[in-house]
Amino acid sequence: MRFIGDYPAKTDAKGRVFLPAAFRKTLEAMGEQGLVLRQDMFQKCLVLYPKSVWEADLEELKGSLNKWNRQQQNILREFVLGADEIELDAQGRLLISKKKLQDAGIENEVRFLAIDDRIEIWSKQALEEIEKNAASLGDELEALLGQTGASGMRTI
């Protein structure tokens, strides 16, 4: 499952926001029923996971952790802490709690950003700030992938 796109939206007074139609169609085509919403681990945004993606990520994390190790169990606990199961209403809206909106710095205007098999929900202003301050994507890709040897093959 892959999502594609960047869509603006607005929350209403209750914290409801329409999930973009393109994302709803992708979810429907894949037979996805449930969604999970949590704060991102690295950025000040929210992440919306299709339930199957959430479960796969959770299983991968659990498989990497020792359940008898206190520190590793705290990692698992922190990952699932604050995760909410979300359902779309009949109009295709999802309800985001006031706390989650506040934690992500979202007031009214949001942007839904497709990131592979999940969807990030950003404050419009926060994502615009990141875009404004981002280094050149071409420079970053060249640094990451552009190292080639004499054979033309990428070297590490």
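Description of the structure in this document. (Residues numbered from 1 in each chain as written. Predicted model: local features only at pLDDT ≥ 70, side-chain atom pairs only at ≥ 80, totals over all residues. Heavy atoms only, no water.)

### Regarding the nonpolar core
With 21 residues, the main nonpolar core has Leu-19, Leu-48, Leu-94, Ile-96, Phe-112 and Ile-121 as its most contacted residues. Of the residues forming this core, the biggest block, 3 residues, is contributed by strand β7 (residues 109–115). Ignoring sequence-local partners within four residues, the contact set of Ile-121 consists of Leu-37, Cys-45, Leu-46, Leu-48, Leu-94, Ile-96, Ile-106, Val-110, Arg-111 and Phe-112. (Core = buried A, V, L, I, M, F, W, Y, C linked by side-chain atoms within 4.5 Å. Buried < 20%, exposed > 50% of the residue type's maximum accessible area, 1.4 Å probe, protein only. Helix = DSSP H or I, 4+ residues; strand = E, 2+ residues; numbered from the N terminus. Contact = heavy atoms within 4.5 Å.)

### Structural notes on the packing of aromatic side chains
Applying the stated criterion across every chain, the model contains 4 aromatic pairs. Centroid distance Phe-3 to Phe-23: 5.4 Å. Interplanar angle 80 degrees. Geometry classified as edge-to-face. Taken together, the residues span a long stretch of sequence, with Phe-3 in the segment before β1 (6–10) and Phe-23 in helix α1 (residues 21–29) at a distance of 20 residues. Across the pair, exposure class does not vary: Phe-3 and Phe-23 are buried alike. With a centroid separation of 5.2 Å and an interplanar angle of 90 degrees, the aromatic rings of Tyr-7 and Phe-23 are classed as edge-to-face. (Phe/Tyr/Trp six-rings, centres within 6.5 Å; stacked < 30°, edge-to-face > 60°.)

### Examining the environment of Lys-124
Note that Lys-124 resides in helix α5 (residues 124–133). Taking relative accessible area as the criterion, Lys-124 reaches 26% and is therefore assigned partly exposed. Distance from Lys-124 to Ile-106, taken between C-alpha atoms, is 7.8 Å for residues 18 residues apart in sequence. Those residues within four positions of Lys-124 in sequence are excluded, and the remaining contacts are Glu-109, Val-110 and Arg-111.

### What to know about helix α2 (residues 51–64)
Each turn of an α-helix holds 3.6 residues, which means side chains three or four residues apart point in the same direction. Taking 1.5 Å per residue, 14 residues should reach 20 Å; α2 reaches 20 Å between its end C-alpha atoms and fits that length. Among all positions in α2, only Val-53, Trp-54, Asp-57 and Leu-58 are buried. Along α2, the residues classed as buried sweep out an arc of 130 degrees about the axis, all on the same side. Away from the buried face of α2 by more than 90 degrees, exposed residues Glu-60 and Gly-63 are located. Structurally, α2 contributes buried residues whose contacts are with β3 (35–39), β4 (46–50), α3 (70–80) and β8 (118–123). (Expected span 1.5 Å × (residues − 1). Arc of directions from axis to C-beta.)

### A look at the pairing of β8
β8 sits mainly inside the fold: 6 of its 6 residues count as buried. As paired strands, β4 and β8 are joined by 3 bridges and run antiparallel to one another. The residue of β8 that forms the bridge with Leu-48 is Ile-119. Turn length for the β7-β8 hairpin, with the two strands adjacent in sequence and antiparallel, is 2 residues, and the turn residue Asp-116 shows positive phi of about 60 degrees. (Pairing = 2+ DSSP bridges.)

### Considering the packing of α2 against α3
It is the contact of α2 with α3, at a shortest axis distance of 10 Å, that shows an interaxial angle of 170 degrees. Taken together, the axes of α2 and α3 are roughly antiparallel relative to one another. In this structure, α2 crosses over α3, and the sense of that crossing is right-handed. For the pair α2 and α3, contact is made by Trp-54, Leu-58, Leu-61, Lys-62 and Ser-64 and by Gln-72, Ile-75, Leu-76, Phe-79 and Val-80, respectively. When the residues that make up the contact of α2 with α3 are grouped by side-chain class, the tally is 7 nonpolar, 2 polar and 1 charged. (Axes fitted to C-alpha atoms, helices over the stretch in contact; angles between N-to-C directions. Parallel < 35°, antiparallel > 145°, perpendicular 65-115°, else oblique. Left-handed = near helix turned anticlockwise from the far one by under 90°. Nonpolar A, V, L, I, M, F, W, Y, C, P; charged D, E, K, R; others polar.)

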